[in-house]
Each structure stands twice: as structure tokens, then as C-alpha cells.
Amino acid sequence: MKKEFVVKSIDSAPDGAPYVIVSLSSLKDLKEGTQHPQSPFGSPKVMGFSNMNDMMKDLNKLMSGMGGMGMQSGVTQLKLEMHEYKEMGLSVGDKVFLELSKDEPLGV
């Protein structure tokens with residue numbers, strides 16, 4: 001299976017180790033994220049809550065719908081060693097292909 005992605009971000013290792021974390025997003029996710037459908041009911045309303053459990057549920061819904069903020073859904077991350085990263089010369093916005101294949105044992 002071969003999929004096309006776009007480099008969304010490149011971050012250094014959180015522990016200072018000699019590797020980088022490359023975050024990839026599919027083209028489909030990027031195209032869907034740029035469209036902002038207008039609500040037929042006007043501007044969004046502030047959600048009300050009566051207890052802490054309701055507030056946390058509403059907060060999770062709000063954070064998951066914010067795109068770049070909070071948890072990023074649909075992001076594939078790769079850990080690359082520094083020499084691999086330098087050889088590839090990746091930059092944010094580059095299109096890349098990720099190919100996955102299953103190793104088939106001999107004799108099947």
C-alpha cells in the first residue's frame with residue numbers, strides 16, 4: 001500500500017536525543033481542514049453545562065474540533081534519525097509517499 005502525505009511539522013526529540021519527529025498529514029485531511037462550512041443557524045453558540053462531567057465532555061468536543069490546536073487527529077508521526085533526516089532534506093509542506101508492505105514468509 002502506498003499513500004501520499006504532506007509534511008505538517010518537524011520537531012526535535014523531546015529528550016534531546018539525536019532524532020526528529022516528522023508529522024505527516026494526508027492530502028485528504030488537509031483539503032477537508034481548509035473548508036469551513038457555514039452553519040445554517042448562524043454563529044456557533046456557547047455550550048452550557050450543569051456539572052463538571054458535562055463541562056469535560058464539551059471541552060473534549062471543542063478541543064477535537066479545533067484543527068491545529070489541541071490533539072491532532074489524523075496525523076502520522078515518524079521518528080527519523082538525524083542522518084536519515086539530513087539525507088532526505090525534508091521541509092514542512094513537502095509531499096512524501098509512505099509505502100507499507102507485509103513481509104511474506106517463504107513457502108506460502
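A. Quick look at the overall build of the protein chain. Helix and strand counts for the protein chain come out as three helices and four strands. Within the protein chain, the proportion of its 108 residues that are buried is 15%. Summarising the internal contacts of the protein chain: among those between residues at least 6 apart in sequence, 65% fall at separations of at least 24. Accessible surface, the protein chain as shown: approximately 9,000 Å² in total, 57% of it carbon and sulfur.

B. Layout of the nonpolar core. With eight residues, the main nonpolar core is built from Phe5, Val7, Val20, Val22, Leu24, Leu80, Leu90 and Val96. Counting residues per element, the ones that place at least two in this core are β1 (2-12) and β2 (19-26). The dominant element in this core, judged by the number of residues it contributes, is β2, at three residues.

C. Seen up close, the side chain of Ser26. With respect to the secondary-structure elements, Ser26 resides in strand β2. Apart from residues lying up to four places away in sequence, Ser26 is in contact with Glu4 and Phe5.

D. Quick peek at the sheet that holds strand β3 (residues 75-81). Pairing within the open sheet is antiparallel, and its four strands lie in the order β3-β2-β1-β4. Each of the sheet's edge strands pairs with one partner strand only, and the pair in question is β3 and β4 (95-99). Averaged over all pairs of adjacent strands, the angle between strand axes in this sheet comes to 45°, irrespective of strand direction. Sheet topology places β2 next to β3; seven bridges connect them, and they run antiparallel. Counted as the bridge partner of Val22 is Leu78 from β3.

E. Broad picture of the pairing of β2. In terms of residue burial, β2 counts as a mostly covered element, since eight of its eight residues are buried. Covered by surrounding structure in β2 are Tyr19, Ile21, Ser23 and Ser25 together with Val20, Val22, Leu24 and Ser26, the residues of both alternating faces. Across seven bridges, β1 lies against β2 in antiparallel orientation. Residue pairing for β2: Val7 is matched across the bridge by Leu24. In textbook terms, the turn of a hairpin is the stretch between consecutive antiparallel strands, and for β1 and β2 this stretch comprises six residues, one of which, Gly16, has a positive phi near 80°.

F. The side chain of Ser23, seen in detail. Structurally, the position occupied by Ser23 is in strand β2. On the basis of relative accessible area, Ser23 is assigned to the buried category, the value being 1%. Engagement of the side chain of Ser23 in a polar contact is seen with the side chain of Gln77, the distance being 3.2 Å.

The rules behind each value
Residues numbered from 1 in each chain as written. Predicted model: local features only at pLDDT ≥ 70, side-chain atom pairs only at ≥ 80, totals over all residues. Heavy atoms only, no water. Helix = DSSP H or I, 4+ residues; strand = E, 2+ residues; numbered from the N terminus. Buried < 20%, exposed > 50% of the residue type's maximum accessible area, 1.4 Å probe, protein only. Contact = heavy atoms within 4.5 Å. Areas by Shrake-Rupley, 256 points an atom, 1.4 Å probe, with all protein chains shown as cover. Core = buried A, V, L, I, M, F, W, Y, C linked by side-chain atoms within 4.5 Å. Pairing = 2+ DSSP bridges. Axes fitted to C-alpha atoms, helices over the stretch in contact; angles between N-to-C directions. Polar contact = N/O pair within 3.5 Å; in protein donor to acceptor, adjacent residues only side chain to side chain.

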